[in-house]
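Take a look at the letters that make up each chain.
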Amino acid sequence: MIRPVSFKKKPPFSSTECVDGQGSSSPFVEVEFQGQRQRTATKLKDLNPFWNEKLVFHVKNPRDLSDETIEVSVYNDSKHGHHKNFLGRVRISGMSVPFSEVESVVQRYPLDKRGLFSRVKGDIALKIRAVRQESKSFDPVEEVLQHVNGVENHHQHHRNDDHSYAKATESTATFLQEVNTNKFDDEYQYTENYEKNKKKKEVRTFYSVGTGSHGSGPPPPPAEKPAFVETRSDFTKAGPVPSASVMQMQFPGQKPEYAVVETRPPVAARMGYWGRDKTASTYDLVEQMHFLYVSVVKARDLPLMDITGSLIPYVEVKVGNYKGVTRHFEKNQNPVWKHVFAFSRERLQSNLIEITVKAKDLVKDDFVGIVLFDIVEIPRRVPPDSPLAPQWYRLVDKKGDKINRGEIMLAVWMGTQADEAFPDAWHSDAHSLNQQSLASTRSKVYFSPKLYYLRVHIIAAQDLIPSDRSRPLETYVKVQLGHQLRLTRPSPMRHINPEWNEELMFVASEPFDEYIVISVEERIGPGKDEVIGKIVIPIREVPQRFETAKMLDPRWYALFMPSVAEETVEKRKEVKFASRILLRLCLDSGYHVLDESTHFSSDLQPSSKHLRKHSIGILEVGILSARNLQPMKSRDGKLTDAYCVAKYGNKWIRTRTLLDSLHPRWNEQYTWEVHDPCTVITIGVFDNCHINGKDDARDQRIGKVRIRLSTLETNRIYTHFYPLLVLSPSGLMKHGELQLAIRFSCTAWVNMVTQYGKPLLPKMHYVQPISVRHIDWLRHQAMQIVAAKLSRAEPPLRREIVEYMLDVDYHMWSLRRSKANFSRIMSLLSGVSYVYRWFDGICFWKNPLTTILVHILFLILVCYPELILSTIFLYLFVIGLWNYRYRPRLPPHMDARLSQAENAHPDELYEEFDTFPSSQPTDLVRMRYDRLRGMAGRVQTVIGDLATQGERMLSILSWRDPRATAIIILFALISAVFLYVTPFQVVAVLFGLYTLRHPRFRRKMPSTPVNFFKRLPARSDSLL
């Protein structure tokens, strides 16, 4: 059964090309299969027709279906059916026709042009399925209607119920006008709305921000259930594809749309390997995607095609309507390309592979020769086999006859995404990009540079020669390493032999190709300094320090005049300059250079490889797909070009970019070595804004996910959809969901368990700690170095990506984050408050039975004090076992409620995203300052109360209040005598029974010790 759904004609086109001379046409579709020909109705004056008609063909022999070809042609109906004009054609291989209802999806096929100079572009959307006679009737339109109705009910709760059916039907038409195998309902609805409203002012409304009384409106009600379960059509065609079951996990107080959704995709690790393809064990956390690979290596002895004797060859690889082109070489009969093309097996529209060698020309490219392959005969490569050896093939002409000269070396095979040619291959889904833009869409692996802390200890200088010896010297030292610049304090000794004795820390990176510039300068006046001496030291000459106890010996370095300092060594020796400086330089390789916050750091290893620990396990992450992404290129009439970036340790990975899709499917798997379980992996999703050659553009953030490895069970596979939440000045927005498959495998159980008893950071951080102020500055410098290094890769991992992944602005002030931290503290204190309320209920006999049991337990512990510690540990053991049944079943994720992001005030968000220093108007800055003063006043009061209680404790025996101190020491003497003559058990029983006495023997007034403590003096009355 074939269902022509829609046809979309894309500009540019002329009136002649549109046949009727009015910029339009009346298209219809004609389908031919095994001599059977059928056509659809004609859509008058419509460049974007919508047919939704079913054409049924009889298959003579189902076994030969894979060898057949379905030919779909689009014509313009002129003169009321008496004449027709050809608009485009698509040939579909019978191999790609699915037999199951799950795999039958609407797909978009680009049409072949009617001529070389035709500028008409069009796509046709078809839904094809082979149906057995005994099976039930198949109606794809009804399925699409039900599918889109479900999405409408899920994503547009704010619509009225009276108009839901009409709008769902309208969305169905939109859904069927622009169809792609990577697209779903939201994309088609968005594309249709853009075509209709592109001349209108765009209005975007987000419903994910709740701001209390200051909000613009209430958020939409949460969905009662997921709208649909996404089934995958890119799985192996060898058998039926099981549908992914979804279970929604709810948390108290959290919106359902911000929760993690557990899924069960058909990956080999979950389904087992029995009776399945053994190649799935290589990439067992992702769904297999099959590709046709064509490797064009080189050619030789190509014939000359031009009168001048020149040849500019290139190769065109064509499979159906998809074609890829290699680069061309000037005047070369033996070109070498080494280019790999990858065509998705789902989109194979022909059984024939055409590899054509052409020669570039001004008017029309010349045909050199062609090689044809039948897809049925293509071998399948099974990893971990070695790469397929390329072979020489003789070129033939268009009639199939061999030409006199010309051979091409090719390798053609069927493979999966596990193939080593996959990352660098040209993919058919990016066929519209040029070679320069194509490089920014490929998947790559990056490694951060190895970082070291550079310690510069400036001790003293001798025999400085100032320009004016009559005035006292005010000297300081300036040290510069790349873009890092730091100054010492002015020396207190104002003569020609100053001393500083000050240490400065910098961040250096391998391969140590930079220089340390140290200059001694004299401060003559405000803003006026003069260089007395200067020295340039290569970092590669600085020794490394491994031991923590032994410091390297200082060394005297000769200072040179500024004009001579950067000259060669031979020229320096010719200049006589007596000044010198005493320095201690070393690369501290025992530290771990922090380039991210310690709260969610992914690497805690020292810089030196000799001090690093052995790995304890392997982390495997499968980046499966995303769904319901927001259209990030709405202004350009496009959707989203999404790719993922993951960072763990010094290894970064980047997936390929899937173009123009709100539901991309990557199915890429990566592996990391784990050295410490208490680390965090960060995975971010971004929109690629550089595929159109815009170098000044910035990739947009879609969202990110952090997962702590210590919260994962070993050898368990976690497959979930994680919400992609982004906080912006306009509020909290959900940009979609990211589906991941994660598995943490432990290879050394003993080493992993012992890690919990070792310090988090290397030994050097505790023997010679670095101050917090310097750590923050050094972390910022490390981030800048990592961002600069990765931005020089190809394709570059740009600065905005690295800064977002490393949270470069995490240390900046945020009122929202301060509220979140305060809420965390209060949640911790809630446990103490619960214990206090429980003990208060025991003391006031709210539950007499519980109080009696506590009395009995208290008396037992007093009589047998050796049972106290064992009872406490037994109680902890029982609590742990009881909480096991309530253990978290999901990995951690970005919690909007914990982050105080749902109810953040808009002005608080504008302040959080403001630049530093602020760029806002003076009145707004003054308002923020006054608000901060009010908050600081409350904090000041709390701190003052804490200080008052502490000072009262100290004043007990300080005789500041002589009467109170006399009472205390007299009471202490009496208590000492009483406790000396009375057994401890008796005292403990009396004290416990008095504390647990019945409410009948209590009074509502404060006790005597509390009254006495509150009367003790504090120093608050001495404050001005």
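1. Focus on the overall build of the protein
- For the protein, the helix and strand inventory stands at 18 helices and 36 strands.
- Buried residues in the protein amount to 46% of all 1024 residues.
- Sequence-distant contacts in the protein: of pairs separated by 6 or more residues, those separated by 24 or more amount to 70%.
- Here the protein displays about 54700 Å² of accessible surface, and carbon together with sulfur accounts for 56% of that area.

2. Structural notes on the pairing of strand β35 (residues 717–728)
- Most of β35 sits inside the fold, with 12 of its 12 residues counted as buried.
- Neither face of β35 is open: one carries I717, T719, F721, P723, L725 and L727, the other Y718, H720, Y722, L724, V726 and S728, and all of them are buried.
- Both strand β9 (residues 261–264) and β35 contribute to a ladder of 2 bridges, which runs antiparallel. Residue pairing across strands places E262 opposite H720, the latter belonging to β35.
- Pairing analysis gives 11 bridges linking β35 to strand β36 (residues 731–746), with the strands arranged antiparallel. Residue pairing across strands places F721 opposite Q739, the latter belonging to β36.
- The loop that links β35 with its antiparallel partner β36 comprises 2 residues.

3. A few points about a nonpolar patch on the surface
- Among the surface-exposed residues, L849, I852, L853, I856, I860, Y864 and L867 lie close enough to one another that they form a single nonpolar patch of about 650 Å² accessible area.
- Along the chain, I856 turns up in helix α12 (residues 848–863).
- A residue is classified by how much of its surface remains accessible, and I856, at 43% relative accessible area, is partly exposed.

4. What about the packing of aromatic side chains?
- On inspection of all chains with the given rule, the structure shows 16 aromatic pairs.
- For the pair F329 and W337, a centre-to-centre distance of 6.2 Å together with 55 degrees between the ring planes defines the contact as tilted.
- Relative accessible area serves as the criterion here: at 2%, W337 is assigned to the buried category.
- Consider the rings of F341 and W426, whose centres lie 5.4 Å apart with planes at 65 degrees: the pair is edge-to-face. Note that F341 is positioned in strand β13 (residues 336–344) and W426 in strand β18 (residues 426–427), a separation of 85 residues in sequence.
- Judged by relative accessible area, F341 falls into the buried class, the value being 0%.
- Aromatic rings pair up to connect F291, Y293, W413 and F422 into one cluster.
- Lying over the aromatic face of W392, R300 brings its terminal NZ or CZ to 3.9 Å of the ring centre.
- Above the ring of W882, the side-chain terminus of R885 is found at 5.2 Å from the ring centroid.

5. Observations concerning the confidence of the model for the protein
- Model confidence for the protein is summarised by a mean pLDDT of 79, while 81% of its residues fall at 70 or above.
- Looking over the protein, one finds the lowest element-wise mean pLDDT in helix α2 (residues 164–175), namely 37, and the highest in strand β30 (residues 642–648), namely 95.
- Considering only residues more than four positions removed or in separate chains, one finds that residues 10–17, a stretch of pLDDT under 50, has 21 contacts.
- Taken as a whole, residues 134–252 scores under 50 in pLDDT and shows 217 contacts with residues more than four places along the chain or in a different chain.

6. Examining unusual backbone geometry
- Residue E510 is joined to P511 through a cis peptide bond whose omega torsion reads 15 degrees.
- Here the amide bond leading from E794 into P795 is cis, since omega sits at -5 degrees, within 30 degrees of zero.
- For W845, which is not glycine, the phi torsion reads 55 degrees and is therefore positive.
- Mapped onto the elements, W845 comes out in the loop between α11 (815–843) and α12.
- Overall, the relative accessible area of 24% leaves W845 in the partly exposed class.

7. Here we look at the side chain of R584
- With respect to the helices, strands and loops of the structure, R584 is situated in strand β28 (residues 580–588).
- Buried charge without a salt bridge: R584, with E503 as the nearest opposite-charge side chain at an N-O distance of 5.2 Å.
- Reaching out from R584, the side chain makes a polar contact with the side chain of H457 at a distance of 2.6 Å.
- At 2.6 Å, the side chain of R584 and the backbone oxygen of L552 are in polar contact.

8. Quick notes on the environment of M764
- Relative to the elements of secondary structure, M764 occurs in helix α8 (residues 764–767).
- The class for M764 is buried, based on a relative accessible area of 1%.
- A C-alpha to C-alpha distance of 5.7 Å links M764 and G590, two positions 174 residues apart in sequence.

9. Considerations on the sheet that holds strand β33 (residues 680–687)
- If you trace the 5 strands from one edge of the open sheet to the other, you get β19-β31-β30-β33-β34, paired in antiparallel fashion. A single partner strand is all that each edge strand has here, and the edge strands are β19 (444–447) and β34 (700–708). For this sheet, the mean angle separating the axes of adjacent strands, direction not counted, is 15 degrees.
- In terms of strand pairing, β30 meets β33 through 6 bridges, oriented antiparallel. Bridge assignment links C644 to a residue of β33, and that residue is V685.

10. Quick look at a negative patch on the surface
- Side chains of D64, D67, D374 and E377 sit close together on the surface and give a patch of like negative charge.
- If you trace the backbone, D374 turns up in strand β15 (residues 366–374).
- A relative accessible area of 36% places D374 in the partly exposed class.

11. A closer look at the packing of α11 against α12
- Closest axis-to-axis distance for the α11/α12 pair is 8 Å, and the angle between their directions is 95 degrees. Taken together, α11 and α12 sit at an angle that is classed as roughly perpendicular. Contacts from W838, G841 and I842 in α11 reach T850, T851 and V854 in α12.
- In terms of residue class, the contact of α11 with α12 is made up of 3 nonpolar, 3 polar and no charged.

12. Here we look at the nonpolar core
- Counting 38 residues, the largest nonpolar core has L619, W672, I681, L738 and I742 as its most contacted members.
- Every element with two or more residues in this core is listed here: β29 (617–627), β30, β32 (665–674), β33, β34, β35 and β36.
- No other element matches the 5 residues that β36 contributes to this core.
- Formed by 36 residues, the second largest nonpolar core is a distinct cluster that contains F329, A359, I408 and L410.

Basis of the calculations
Residues numbered from 1 in each chain as written. Predicted model: local features only at pLDDT ≥ 70, side-chain atom pairs only at ≥ 80, totals over all residues. Heavy atoms only, no water. Helix = DSSP H or I, 4+ residues; strand = E, 2+ residues; numbered from the N terminus. Buried < 20%, exposed > 50% of the residue type's maximum accessible area, 1.4 Å probe, protein only. Contact = heavy atoms within 4.5 Å. Areas by Shrake-Rupley, 256 points an atom, 1.4 Å probe, with all protein chains shown as cover. Pairing = 2+ DSSP bridges. Patch = residues over 30% accessible without salt bridge, like charges linked within 9 Å, V, L, I, M, F, W, Y side chains within 5 Å. Salt bridge = Lys/Arg side-chain N within 4 Å of Asp/Glu carboxyl O. Phe/Tyr/Trp six-rings, centres within 6.5 Å; stacked < 30°, edge-to-face > 60°. Lys NZ or Arg CZ within 6 Å of the ring centre and 35° of its normal. pLDDT = per-residue confidence, 0-100. Lys, Arg positive; Asp, Glu negative; His and termini not counted. Polar contact = N/O pair within 3.5 Å; in protein donor to acceptor, adjacent residues only side chain to side chain. Axes fitted to C-alpha atoms, helices over the stretch in contact; angles between N-to-C directions. Charge placed at Lys NZ, Arg CZ, Asp CG, Glu CD. Parallel < 35°, antiparallel > 145°, perpendicular 65-115°, else oblique. Nonpolar A, V, L, I, M, F, W, Y, C, P; charged D, E, K, R; others polar. Core = buried A, V, L, I, M, F, W, Y, C linked by side-chain atoms within 4.5 Å.

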